[in-house]
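Chains, contacts and geometry: an overview
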Amino acid sequence: MIRRLPPLNALPAFEAAARHLNFSRAADELNVTHGAVSRAIKHLEEQLGVLLFERATRSVRLTAVGEPYARAVHEMLDQLAAATQSATGAHSASTLNVSTSDGFAGKWLVPRLYRFHRAHGDIDVRISTTGRLTNFLGDGIDVAIRYGAGNYPGLTSEFLTGEEVFPVCSPRLMQGAWPLEKPDDLRHHTLIHDGFPIGWAAWLSSAGVEGVDPRSGITFDSATFAVESAVQGEGVVLGRTMLVAADLATGRLVRPFGHALKSVSSFYLVYPPDAVRRRKVKAFRDWLFSEMTAQGATAVSGE
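Quick caveat: nothing in here was measured; it's all calculated off a predicted structure.

**Some remarks on helix H1 (residues 11–20)**
Counting buried positions along H1 gives nine out of ten residues, so the element sits mostly inside the fold. For H1, the complete set of buried residues consists of Leu11, Ala13, Phe14, Glu15, Ala16, Ala17, Ala18, Arg19 and His20. Once H1 finishes, Leu21 follows within two positions and takes phi at roughly 50°, a positive value.

In C-alpha cells:
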C-alpha cells in the first residue's frame, strides 16, 4: 500500500511549535535554531498545501487545519515512542516507563525531571501521553499518574494531590483598555476552554457573574495548548493547580481573582501491587512524593 506521508523530519519541529505556540521555545526544546524550526514548518506547509500557523509579529497560533493536525501528530509521535520502547526492551531494570496526561507531563512533570535524573542518573525515564488508560499488561508501563476518583481495582493507588480550578491569564491582560480587576470584566476578554469537566459555566455561576457566554471563545482538546494560548495573551483559561503552578511562579501567568472551585477528582500514583519492589519504581515514587511535599501540593486535599 502506497501511503501519502508528510516530510517526517519536519514533524518534531511542528509538534513542538504547536505545543508551545512559540518557535523559539520549540527550537530550545529540540536543540536547534529558530530558523531551523521555521524552515521545517514552512516545508511541511508547502508539502501539505495548507497553512498550519497564523503568524503575527510576536506570536503564532494554529489555524483551523493546524489544530487537529497537531493533535494527530502529537499522538502519532507518542505511539511511535511507545512502539520504540517496546522494541528496545521497555521493562529493563534501568528504564522507567510513566503514563500520564499531556497536560500533567508538559506543565508539571517534565520541568522537574532533571532533579530525578540528578539523583538517579542510572534510571532513564520514558513518558507516554497517548491518553489511553494503561492496564500494565504488555504495554511496557511501570507506573501511571491518573486523574480521577482513585478507585482502580487490582492496582495500588496512592493519593498525590487534589486540584482547584481558577482563571489565569497573561500579565498583559491586567492592563490596557479592559484590565481584569473583577470577574465581571471577563465579558471583555476571550474565554479559553480545554474540555476539563469543570468549565466556565460552573466557575462563572459560582462567582455570581452574569452576562458572559460560558460557551464562547477558543476550545482546545489539549490542556497544554490551552495554557500556552493564555500565556501568549490570547485570552483567559481556567487553570488547574498542578498545570499552572510553574507558569504562575515564573510570572508567565497571573491569577486575577481569588475565587476557585475544588475539583471532585484528584491525582493518584497508580501501579501494580508488586511494582514498588523494583528499585526504579520505588525511587520514582519517593521522588514524586518529595516534589509534591516541597511544592505544598498535598495541601490541596481531595477530601
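Following the structure, the description resumes.
**Quick word on the sheet that holds strand S8 (residues 218–219)**
In a beta sheet, neighbouring strands are held together by backbone hydrogen bonds and run either parallel or antiparallel to one another. Pairing in this open sheet of eight strands is mixed, and the strands run S4-S3-S5-S10-S6-S9-S7-S8 from one edge to the other. Of all strands in the sheet, those bounded by a partner on one side alone are strand S4 (124–128) and S8. Pairing analysis gives five bridges linking strand S5 (residues 143–148) to strand S10 (residues 261–271), with the strands arranged antiparallel. Each bridged residue has a counterpart across the sheet, and for Tyr147 the counterpart in S10 is Phe267. Its contacts with the sheet place helix H8 (residues 223–231) against strand S6 (156–168), strand S7 (191–193), S8 and strand S9 (236–240), and it is angled at close to 160° to S7. Against the sheet, helix H10 (residues 279–295) touches strand S3 (95–99), S5, S6 and S10, its axis set at about 35° to S6.

**Digging into the packing of aromatic side chains**
Any two aromatic rings considered together are summarised by their centre-to-centre distance and by the angle between their planes. For the structure shown, the criterion picks out 13 aromatic pairs. Between Phe14 and Tyr69, the ring centres sit 5.6 Å apart and the planes meet at 40°, which makes this aromatic pair tilted. Linking Phe14 in helix H1 with Tyr69 in helix H4 (residues 66–87), this pair joins segments that are 55 residues apart in sequence. With a relative accessible area of 0%, Phe14 lands in the buried category.

**Looking at the nonpolar core**
Residues Phe14, Val37 and Phe53 are the most contacted members of the largest nonpolar core, which totals 34 residues. Among the secondary structure elements, those contributing two or more residues to this core are H1, helix H2 (23–30), helix H3 (34–48), strand S2 (60–62), H4, S6 and H8. At six residues, H1 tops the list of elements feeding residues into this core. When near neighbours in sequence (up to four residues on either side) are disregarded, Val37 contacts Ala13, Ala17, Phe23, Ala26, Ala27 and Val32.

**Some words on the pattern of salt bridges**
What the rule picks out here adds up to 24 salt bridges. Note that Asp286 and Lys282 form a salt bridge whose closest N and O atoms lie 2.7 Å from each other. Remark: Lys282 and Asp286 occur in helix H10; sequence separation between them is four residues, near one turn of the helix. A residue is classified by how much of its surface remains accessible, and Asp286, at 32% relative accessible area, is partly exposed. You can call Lys282 partly exposed: its relative accessible area is 42%. Taking the shortest distance from any N to any O, the salt bridge between Arg285 and Asp286 comes out at 2.9 Å. The class for Arg285 is partly exposed, based on a relative accessible area of 23%. Through salt bridges with shared partners, a single ionic network connects Arg25, Lys107, Glu228, Asp247 and Arg252.

**Describing the pairing of S5**
With five of its six residues buried, S5 lies for the most part within the structure. Across two bridges, the pairing between S3 and S5 is parallel. Residue pairing across strands places Ser99 opposite Ala144, the latter belonging to S5.

**Let's talk about the side chain of Ser222**
Along the chain, the position of Ser222 falls in the loop between S8 and H8. Under the relative-accessibility criterion, Ser222 is labelled buried at 7%. Among the polar contacts listed, one links the side chain of Ser222 to the backbone nitrogen of Phe225, at a separation of 3.2 Å. Sequence-distant contacts of Ser222, defined by excluding residues within four places in its chain, comprise Asp102 and Asp194.

**Let's talk about the packing of H1 against H8**
Two elements in contact, H1 and H8, have axes separated by 7 Å at closest approach and are oriented at 60°. For the element pair H1 / H8, the angle class is oblique. Residue-level contacts link Ala18, Arg19 and His20 of H1 to Thr224, Phe225 and Glu228 of H8. Here the residues of the contact of H1 with H8 sort into two nonpolar, two polar and two charged.

Conventions we followed
- Residues numbered from 1 in each chain as written.
- Predicted model: local features only at pLDDT ≥ 70, side-chain atom pairs only at ≥ 80, totals over all residues.
- Heavy atoms only, no water.
- Buried < 20%, exposed > 50% of the residue type's maximum accessible area, 1.4 Å probe, protein only.
- Helix = DSSP H or I, 4+ residues; strand = E, 2+ residues; numbered from the N terminus.
- Pairing = 2+ DSSP bridges.
- Contact = heavy atoms within 4.5 Å.
- Axes fitted to C-alpha atoms, helices over the stretch in contact; angles between N-to-C directions.
- Phe/Tyr/Trp six-rings, centres within 6.5 Å; stacked < 30°, edge-to-face > 60°.
- Core = buried A, V, L, I, M, F, W, Y, C linked by side-chain atoms within 4.5 Å.
- Salt bridge = Lys/Arg side-chain N within 4 Å of Asp/Glu carboxyl O.
- Polar contact = N/O pair within 3.5 Å; in protein donor to acceptor, adjacent residues only side chain to side chain.
- Parallel < 35°, antiparallel > 145°, perpendicular 65-115°, else oblique.
- Nonpolar A, V, L, I, M, F, W, Y, C, P; charged D, E, K, R; others polar.

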